[in-house]
Amino acid sequence: MELEAIPGVGTKTAAALRELDDPAATVESGDVAAIARAPGVNEARAARIARGAIRRRHDDEGRVLATDRARELYREAIDLLRERTVTDYAAKRLETFYPSASASRIAEAQSFAAAAAERDPDPAVREALTDCAPLSDPPTVRVRDRCLATADAETLARAEAAVPELSVETVEDARDISELGRSYASVIVLDESFAGLDVEGDVVVRPDALETPAETVPERLLTFFAENRERLEAAAAVHEAAGTAADAPVDLDRLRDALSRLDDDGTIAGDAELDRLTAAVDDLDAAVSTAASVADDRLREAIRERDVTIEGTDFLSLVEQGARVDSLLDRELADEYDEAVDAARDHLADALRLEPEEAELAERVFGGDPSFPVDHDESAVSRLRTELSAARDRRAAKLKADLASDLGDLREPVETLVRDALELDVELAISRFARDFDCVLPEVVDPDAEGDAAAEGDADAGDGAKGFRIEGGRSPLLDVDFADAEPVDYAVSGATLLSGVNSGGKTSTLDLVALVVVLAQMGLPVPAESATVERFEEIHYYAKSQGTLDAGAFEATLRDFGDLVDGADGRLVLVDELESITEPGASAKIIAGILEALDDQHATAVFVSHLAREIRDAADFEVAVDGIEAAGLADGELRVNRSPKKGHLARSTPELIVEKLADDRGGEFYGDLLEKF
Ligand SMILES: Nc1ncnc2c1ncn2[C@@H]1O[C@H](COP(=O)(O)OP(=O)(O)OP(=O)(O)O)[C@@H](O)[C@H]1O
């Protein structure tokens, strides 16, 4: 796939995406975290790229959200979903859902959402998701005790690219290699031509070394797993909490076992022998000095308890020549000295937990010429250190190789393990949203088919329709608790005026319609008992304007509507109290004209207005009027039936108040007033 063909991906972004392992598949996968691994691509941008790829796949170029208020509604819908995610990943991934005019995209998203809504939003899974995050690539580790060697320039370039962890050295002959063997603990020769090479040190010829990075640089896998330990454990916990452990792409026990053998810095953990050797090397000097003290104490004690007879000549030579008293040890205290040395050797072997062969080397540390304090042999200590260090490094290398080979098998599957856990968060957010707001998956119908979405129980409506029909819709965007949101039934096909008392819920009804349509075209469940909506090409929602516009702004608004009515088929137009843009008489005429044009073009429109009667009178066609009706005033409070009544011009609040006064007070004045309505 041409990456540049994705909407919103330019040459620079395409170049960044090409750095990914499998750019096309990654971009198509919708995995926002994986896309965001491309250099310079953050998650918000990754979501846009994923959305672009979806659009391209569905040949979906259109922009359904056509006005600021429509876009605002979409943001509010996304926010309601995002509030229900646990991970950043899921929050970003939800952004790949957008209102689409493509039937195939809506169907695709709906099938995802339908499966998601079935998920049980178990609090235990939510808890487990807390530490879940996309796997990260640790920075390249430099391994300094090993190198690659080749005589070939091309192999050199390939090796440098494939194994940036190791130095790649150029060699011409066996002598060069043997020299490398002295500088590095191990050398891997890449050229077949050196097969059978016999040089000293840890030198191997492995032409396949670049293809087997787990063996060549086990550190790469080890640091990857060490760095991602918490994320992997969290993903495993999610699968367990969700009851999907048995189907997980990785055997979770095996993963945990491998992780338990790994330290946070990518070294080997939990191996008693390696721990013993490491401690022995680290403690060697301290143990030698304590062992010497043990011997000294013994000897001191022995000397203190013995009567030593010194011959006169000895005494003289001691006094006159400053001869060392040590010479007496050999003669007078030989047994005691031997015992003290044995004690020192035992102490050393015990303290360092040495194996018999190592203990043999350790014996040479003590037992030279008798002396007090007891001396040790520094070169024997050094030999012991070399021996123990080499054993430690051999052990570590073997364990690393073993562990890397185990982890190598898990490398690919853990990607899926983590991705599945994160995707579960996306699904659970949708499930929670659907449950919290009593949602249903709506029917999104083809506008070109015959019939009206608004036509209830109309056999002709079939699978095709114009307009929308919402039953029992309850908006989560109201300023009251969702539990107090009263259900609204509303269906419109064609251009309609919506009248109603003040605060009757007209604006809230427009919000509900916009929200239901936006969610429906995102392929998501909607907060209603049932809903059928036309698959609109565009949603134009205009919020109530703040006061009368000056001439310039009025002209601009009129031009907007001029564009809007041009080719309006397939559009949903929601307009809240457009009359406030200019004086009432002119407003009524303008709104009547716009409605007429929209109706002509089979657009679906709902215009909320307090001037419904005037607009109807000004219109040259039979304009439909619906009304949100007050059932009356009770204790000064309006009692409202929130579902607009079809074909009904609702009485206004002033009319209701005049009627109340006429009833309560009687008299000519109120009666005359009432008649004027
Ligand atoms: N379906 C509903 N369920 C519960 N409360 C609602 C519902 N619809 C509206 N309300 C309440 O009524 C208030 C007024 O609603 P809204 O602003 O939509 O009325 P309006 O008819 O547009 O008013 P105005 O004529 O003043 O523009 C809302 O703030 C909300 O508290």
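Note that the coordinates shown come from a computational prediction; the quantities given were computed from them, not determined experimentally.

So, about the overall build of the protein. Of regular secondary structure, the protein possesses 26 helices and 14 strands. What you see for the protein is a C-alpha radius of gyration of 42 Å, clearly larger than the 26 Å of a compact globule of 677 residues, by over 25%. Principal axes of the C-alpha set define a box for the protein whose edges measure 150 × 65 × 50 Å. Taken over 677 residues, the protein has a buried fraction of 41%. The long-range share in the protein, meaning contacts at least 24 apart out of those at least 6 apart in sequence, stands at 68%.

Attention shifts here to the site of the ligand. As a structural note, the neighbourhood of the ligand is formed by 16 residues, with Glu486, Gly505, Lys506, Thr507 and Ser508 the closest of them. If you tally residues by element for the shell around the ligand, the top one is helix H21 (residues 506–522), at three residues. Broken down by class, the residue content of the shell around the ligand amounts to four nonpolar, seven polar and five charged.

Right, let's get into the UniProt feature "binding site: ATP" (unreviewed entry) in the protein. Sequence positions flagged by UniProt for "binding site: ATP" (unreviewed entry) are, in local numbering, Gly500, Val501, Asn502, Ser503, Gly504, Gly505, Lys506 and Thr507. Position of Val501 relative to the elements: it lies in the loop between strand E8 (495–500) and H21. Those residues within four positions of Val501 in sequence are excluded, and the remaining contacts are Ile628, Ala630, Leu638, Val640, Ala650, Ser652, Thr653 and Leu656. Discounting chain neighbours no more than four positions away, the residues touching Gly504 are Ile628, Ala630 and Val640.

Here the focus is the sheet that holds strand E1 (residues 146–150). Strand pairing within a sheet occurs via backbone hydrogen bonds; the two strands may be parallel or antiparallel. Read across the sheet, four strands follow the order E2-E1-E3-E4 without closing on themselves; strand pairing throughout is parallel. Edge strands, defined here as strands with exactly one partner in the open sheet, are strand E2 (167–170) and strand E4 (202–205). Neighbour-to-neighbour, the strand axes of the sheet open up by a mean angle of 25°, direction not taken into account. The sheet contact formed by E1 and strand E3 (residues 186–189) spans four bridges and is parallel. Paired with Cys147 across the strands is Val187, a residue of E3. Packing against the sheet, helix H10 (residues 174–183) makes contact with E1, E2, E3 and E4, and its axis sits at approximately 145° to E3.

Turning next to the nonpolar core. Residues Val238, Val513, Ala514, Val516 and Val517 are the most contacted members of the largest nonpolar core, which totals 165 residues. Of all the elements, helix H20 (residues 378–436) adds the most residues to this core, at 19 residues. When residues of this core are assigned to domains, at least three fall in each of domain 1 (1–57) and domain 2 (64–115 + 437–651).

Here we take up the sheet that holds strand E6 (residues 468–473). If you walk across this open sheet you meet the four strands as E5-E9-E6-E7, and the pairing is mixed. Looking along the sheet, the strands with just one partner apiece sit at the ends: strand E5 (443–445) and strand E7 (488–492). Adjacent strand axes in the sheet meet at a mean angle of 15° when their direction is disregarded. In the packing of H21 onto the sheet, the strands contacted are E5, E6, E7 and strand E9 (530–534), and the crossing angle to E6 comes to about 110°.

So, about the environment of Pro527. Note on placement: Pro527 falls in the loop between H21 and E9. We classify Pro527 as buried; it has 27 C-beta atoms within 10 Å. Excluding its chain neighbours within four sequence positions, the residues that come into contact with Pro527 are Phe437, Asp438, Cys439, Gly473, Arg474, Ser475 and Pro476.

Another aspect to go through is the domain arrangement of the protein. Domain assignment breaks the protein into domain 1 (1–57) and domain 2 (64–115 + 437–651). A C-alpha centroid distance of 34 Å is found between domain 1 and domain 2. With nine residues of domain 1 in contact, the opposing surface of domain 2 contributes seven residues. For the side of domain 1 that touches domain 2, the secondary-structure elements that each account for two or more residues are helix H3 (32–35) and helix H4 (43–57). The leading source of residues in the side of domain 1 that touches domain 2 is H4, at six residues. Broken down by class, the residue content of the side of domain 1 that touches domain 2 amounts to six nonpolar, one polar and two charged.

How each quantity is defined
- Residues numbered from 1 in each chain as written.
- Predicted model: local features only at pLDDT ≥ 70, side-chain atom pairs only at ≥ 80, totals over all residues.
- Helix = DSSP H or I, 4+ residues; strand = E, 2+ residues; numbered from the N terminus.
- Rg over C-alpha atoms; globule rule 2.2 N^0.38 Å.
- Buried ≥ 20, exposed ≤ 12 C-beta atoms within 10 Å, placed from the backbone.
- Contact = placed C-beta atoms within 7 Å.
- Near = placed C-beta within 6 Å.
- Nonpolar A, V, L, I, M, F, W, Y, C, P; charged D, E, K, R; others polar.
- UniProt positions renumbered as here; feature names shortened; annotations may be inferred.
- Pairing = 2+ DSSP bridges.
- Axes fitted to C-alpha atoms, helices over the stretch in contact; angles between N-to-C directions.
- Core = buried A, V, L, I, M, F, W, Y, C linked by C-beta atoms within 7 Å.
- Domains from an automatic or database assignment.

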